[in-house]
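What the coordinates show
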Amino acid sequence: MSSDNVAICIRDLNKCFEIYNTPRDRLKQFILPPMQRMVQIAPKQYFREYWALRNISFEIKKGETVGIIGRNGSGKSTLLQIICGTLAATSGSINTHGRIAALLELGSGFNPEFTGRENVYMNAAILGLNKEEIDNRYDDIAAFADIGDFIERPVKTYSSGMLVRLAFAVAIHVEPDILIVDEALSVGDIYFQAKCSKMIRSIIDTGATVLFVSHDTSAVKSLCSRAVLLDAGQNKFMGNVNTAVEKYYSALVENKCQNNEDSNQVHADNETLV
């Protein structure tokens, strides 16, 4: 595939989190291993490793809409955060081409002391717009959020629903080359969800690249032509969306059957002991 036609390229991506039992262990890890190396003692590790992603590799073409599916804890959100640049990978490479707008933890970057208007300008600037561009789009953002006079009040006075409406409105009006959506279509009331879905479809129609994460497989099938199936941090499949969804459901059934077998075995062992 020509690099000119690639929006996202991921090669051998790995992410390991360090899990500490106590804050004291974190301090030990910071201080003791360097000292142990100085006296030529094999350094001790004071944390447990949790590999959220292992050897993830794939490419997404410009203008393509790709779904990412998998059970909770499979690594979907970790992968999206690395693509957005809010989380560093342990190893591997990732290259993106174009402006990225992410609908992840909506409203997490807002300053609660600023008004909605001030947060619109700040957040849009972070996403790469200059003041003139924000001025030209402000009315559309305010209209889409539809929170009335609250847009002139501090964000700390907003309900959670109002906050995500404003954050969503900002993100989708920056005209991104790459749009990343993580369960964002589940926010707000039914009317707002319909507006969000329609807006995302219009972004897709403009030729933007979209990464779409959702447990709603019908929405994934409706929006995407290909899908990535993650399981335990590994890429189990990438290809036709219908095939990916079938494999996803098969994995869920297999896991449920395994859990039932384990539960039955524990019950049988307990009866034997009695």
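Structure's up top.
Here's a quick rundown of the structure. (Residues numbered from 1 in each chain as written. Predicted model: local features only at pLDDT ≥ 70, side-chain atom pairs only at ≥ 80, totals over all residues. Heavy atoms only, no water.)

Quick notes on the environment of alanine 125
Tracing the sequence through the fold places alanine 125 in helix H3 (residues 116-126). Its relative accessible area of 42% is what places alanine 125 among the partly exposed residues. Placed 49 residues apart in sequence, alanine 125 and valine 174 show a C-alpha to C-alpha distance of 9.5 Å. (Helix = DSSP H or I, 4+ residues; strand = E, 2+ residues; numbered from the N terminus. Buried < 20%, exposed > 50% of the residue type's maximum accessible area, 1.4 Å probe, protein only.)

Looking at the pattern of salt bridges
The full count for this structure, using the stated rule, is eight salt bridges. Note that glutamate 59 and arginine 11 form a salt bridge whose closest N and O atoms lie 2.9 Å from each other. Placement of glutamate 59 in strand S2 (residues 48-61) and of arginine 11 in strand S1 (residues 6-19) is noted, with a sequence separation of 48 residues between them. Take arginine 11: its relative accessible area is 35%, and that puts it in the partly exposed class. (Salt bridge = Lys/Arg side-chain N within 4 Å of Asp/Glu carboxyl O.)

Some words on the packing of aromatic side chains
One pass over the full model with this rule turns up five aromatic pairs. Ring centres of phenylalanine 150 and tyrosine 158 lie 6.2 Å apart, and the angle between their planes is 85 degrees; this geometry places the pair in the edge-to-face category. In this structure tyrosine 158 comes out as buried when scored by relative accessible area, which is 10%. Directly above the aromatic system of phenylalanine 17 lies the positively charged group of lysine 15, at a separation of 5.1 Å from the ring centroid. (Phe/Tyr/Trp six-rings, centres within 6.5 Å; stacked < 30°, edge-to-face > 60°. Lys NZ or Arg CZ within 6 Å of the ring centre and 35° of its normal.)

Thoughts on H3
A turn of α-helix holds 3.6 residues, and therefore any two residues three or four places apart point the same way. Listing the buried residues of H3 in full gives Gly116, Asn119, Val120, Asn123 and Ala124. Here the buried residues of H3 occupy an arc of 125 degrees about the axis, which is enough to place them on one side. Close packing links the buried residues of H3 with helix H4 (131-145) and helix H5 (160-172). Where H3 ends, the next residue or the one after it, glycine 128, has phi of about 110 degrees, a positive value. (Arc of directions from axis to C-beta. Contact = heavy atoms within 4.5 Å.)

In short, shape yes, function no, at least from these values alone.
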